[in-house]
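# An overview of the molecular structure
These are the residues of each chain, in order.
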Amino acid sequence: MTRIRLAEKSSGLKVIGHLGAIITVMAWGVSFISTKVLMVDGNLTPVEMFSYRFLAAYILLLLFTCRKSLLSLNWRDELTFFACGVCACSLYFITENFALENTTAANVSMLASTSPLFTTALIAFIYKQKIGSSALIGSLIALVGVGCIIFNSGEGLELHPKGDLLAICASLSWAVYGLMIKRVLPHYNGFFITRKIFFYGVITSLPLLLTQSEPLHYDVLFDFAHSQYILNFLFLVLICSAGAYVIWNEAMKIIGPVTTNNYLYGQPVVTMIAASIFLSEGITLLGSLGCVLIIGGLVVTDHLPNRRKIPVSDSDPT
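Residues numbered from 1 in each chain as written. Predicted model: local features only at pLDDT ≥ 70, side-chain atom pairs only at ≥ 80, totals over all residues. Heavy atoms only, no water.

### Overview of the overall build of the chain
Along the backbone of the chain there are 12 helices and 0 strands. Traced from its N-terminal end to its C-terminal end, the chain shows the element sequence α-α-α-α-α-α-α-α-α-α-α-α. Buried residues in the chain amount to 50% of all 318 residues. By sequence separation, contacts in the chain at least 24 residues apart represent 89% of the contacts at least 6 residues apart. Here the chain displays about 15,700 Å² of accessible surface, and carbon together with sulfur accounts for 70% of that area. (Helix = DSSP H or I, 4+ residues; strand = E, 2+ residues; numbered from the N terminus. Buried < 20%, exposed > 50% of the residue type's maximum accessible area, 1.4 Å probe, protein only. Contact = heavy atoms within 4.5 Å. Areas by Shrake-Rupley, 256 points an atom, 1.4 Å probe, with all protein chains shown as cover.)

Rendered as structure tokens:
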């Protein structure tokens, strides 16, 4: 009876983990539209866009968790959080934003969607495990679906070495984050983890912000005459940063970094639907096919049996 209850509890937690990943990806998928408004219409630079957004999110989390300890249990964990802050925040977002300035949005979307493949490959390499058939097949199916959605936008893939390399760096950076955070996930809650990586992300972005050649445009965030800037910024801070990162880190704790990161394939689906609603961009048959392939790839990844599985849960050896 006890085993049955534990199994039911474990199953319930997994459902929560999957739902958390889905909710987060939905928020991040819509965030591209808000980011575009602030960068294109509000003239925020890539570094400004990141720094203002995550500084505000960090202050918010600090206010809610100020009674908790500010330091990790040991210096090894503190260094891990520093590395995670660089990989998941400053390095990832700044390289991605600069990539958008140097290559097409189609290239960035496509290359950024390879992050789950990097995550699976890195964990397989570190743990000396073969990549399971479901992870490989499901990832490839989902990646084809991403390609369908990218071509649905009407933008072809063109070679822009500088921007494309930056997009690949962003994708790899996020994959490294998924690998490193695994070690500390069992020992800290989502609020603490998120607050720590935001802190180090903002700190490492400040030198770039203070030395950028363009003038700062933080005044658009206080331009009450154009409320769309404030509303989009609040959405990015409250929902896409403070809320989504906490949920994402808890999801990784429950279902593991590989399974959680595979949901990133769904971002283009959400973005496509959001663009259809808010920007009146049409959804074609190719885009619909892409949605089906992405969902199918996620189902295959999670349900097709493997002979050998890569360790993904927080109970696996680290």
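### Focus: the pattern of salt bridges
Evaluated as defined, the whole model comprises 3 salt bridges. Ionic pairing is found between Lys-196 and Glu-78, a salt bridge with its closest N-O pair at 2.5 Å. Residue Lys-196 is located in helix H8 (residues 190–211), and its partner Glu-78 is located in helix H3 (residues 75–102); the two are separated by 118 residues in the primary sequence. Note on Lys-196: relative accessible area 5%, which makes it buried. (Salt bridge = Lys/Arg side-chain N within 4 Å of Asp/Glu carboxyl O.)

### Considering a nonpolar patch on the surface
Taken together, the side chains of Val-15, Leu-19, Ile-22, Ile-23, Met-26 and Ile-247 define a hydrophobic patch exposed on the protein surface, amounting to about 510 Å² of accessible area. If one sorts the elements of the nonpolar patch by residue count, helix H1 (residues 2–41) sits on top with 5 residues. Relative to the helices and strands, Met-26 is located in helix H1. On the accessibility criterion, Met-26 (46% relative accessible area) is partly exposed. (Patch = residues over 30% accessible without salt bridge, like charges linked within 9 Å, V, L, I, M, F, W, Y side chains within 5 Å.)

### So, the packing of H8 against helix H9 (residues 227–255)
Between two packed helices, both the angle of their axes relative to each other and the distance between the axes serve to describe the pair. Interhelical geometry of H8 versus H9 gives an angle of 120° and a closest axis separation of 8 Å. With respect to H9, the axis of H8 lies oblique. You can see that H8 and H9 cross each other, and the crossing is right-handed. Of the residues in H9, those touching H8 at Gly-190, Phe-191, Ile-193, Thr-194, Ile-197 and Phe-198 are Ser-241, Ala-242, Tyr-245, Val-246, Asn-249 and Glu-250. Counted by class, the contact of H8 with H9 contains 7 nonpolar, 4 polar and 1 charged residues. (Axes fitted to C-alpha atoms, helices over the stretch in contact; angles between N-to-C directions. Parallel < 35°, antiparallel > 145°, perpendicular 65-115°, else oblique. Left-handed = near helix turned anticlockwise from the far one by under 90°. Nonpolar A, V, L, I, M, F, W, Y, C, P; charged D, E, K, R; others polar.)

### Topic: H9
Along its 29 residues, H9 runs 39 Å from first to last C-alpha, staying within 8% of the 42 Å computed at 1.5 Å per residue. Along H9, the helix axis deviates most sharply at Ala-244, where the bend reaches about 40°. Where H9 ends, the next residue or the one after it, Gly-256, has phi of about 90°, a positive value. (Expected span 1.5 Å × (residues − 1). Bend = angle between axes of the 7 residues up to and from the residue.)

### A short note on the nonpolar core
With 55 residues, the main nonpolar core has Phe-81, Trp-174, Tyr-177, Ile-181 and Phe-198 as its most contacted residues. At 13 residues, H9 tops the list of elements feeding residues into this core. Setting aside its immediate chain neighbours within four residues, Phe-198 contacts Phe-54, Ala-57, Tyr-58, Leu-61, Cys-89, Ser-241, Ala-242 and Tyr-245. Grouped together as the second largest cluster of nonpolar side chains are 5 residues, Leu-143, Tyr-265, Val-269 and Ile-294 included. (Core = buried A, V, L, I, M, F, W, Y, C linked by side-chain atoms within 4.5 Å.)

### Brief notes about the side chain of Asn-249
Positionally, Asn-249 belongs in helix H9. Here Asn-249 is in contact with Tyr-177, Leu-185, Gly-190, Ile-193, Thr-194 and Ile-197, once residues within four sequence places are set aside.

### Remarks on the environment of Ala-175
Mapped onto the fold, Ala-175 is located in helix H7 (residues 161–180). Put simply, Ala-175 and Thr-119 are 56 residues apart on the chain and 4.5 Å apart in space, counted from C-alpha to C-alpha. Discounting chain neighbours no more than four positions away, the residues touching Ala-175 are Ser-115, Phe-118, Thr-119 and Leu-122.

### Digging into the packing of aromatic side chains
Applying the stated criterion to the full structure yields 20 aromatic pairs. Their ring planes at 45° and their centres at 5.6 Å tell us that Tyr-58 and Phe-199 sit as a pair that is tilted. Separated by 141 residues along the polypeptide, Tyr-58 in helix H2 (residues 46–64) and Phe-199 in helix H8 bring together distant segments of the chain. Given the relative accessible area of 30%, Phe-199 is considered partly exposed. The rings of Trp-28, Phe-50, Phe-54, Tyr-92, Phe-93, Trp-174, Tyr-177, Phe-198, Tyr-245 and Trp-248 are connected pair by pair, giving a single aromatic cluster. (Phe/Tyr/Trp six-rings, centres within 6.5 Å; stacked < 30°, edge-to-face > 60°.)

### Section: the confidence of the model for the chain
In the predicted model, the chain carries a mean pLDDT of 78, and 77% of its residues have values of at least 70. Per-element confidence in the chain ranges from a low mean pLDDT of 64 for helix H4 (residues 105–112) to a high of 92 for H8. Within the model, the stretch residues 306–318 combines pLDDT values under 50 with 32 contacts to residues more than four positions away or in other chains. (pLDDT = per-residue confidence, 0-100.)

### Some details on H3
With 28 residues, H3 extends 38 Å from end C-alpha to end C-alpha; this agrees with the ideal 40 Å at 1.5 Å per step. A distance of 3.1 Å separates the backbone nitrogen of Arg-76 from a side-chain oxygen at the start of H3, and that oxygen is part of Asn-74. (Polar contact = N/O pair within 3.5 Å; in protein donor to acceptor, adjacent residues only side chain to side chain.)

### Regarding the packing of H2 against H9
Taken N-terminus to C-terminus, the directions of H2 and H9 make an angle of 60°; their axes are 9 Å apart at the nearest point. Between H2 and H9, the angle is such that the two are oblique. The handedness of the crossing between H2 and H9 comes out as right-handed. The residues of H9 that touch H2, namely those facing Met-49, Tyr-52, Arg-53, Phe-54, Ala-56, Ala-57, Leu-60 and Leu-61, are Phe-233, Leu-236, Val-237, Leu-238, Cys-240, Ser-241, Ala-242, Tyr-245 and Val-246. Across the contact of H2 with H9, the residue classes break down as 15 nonpolar, 1 polar and 1 charged.

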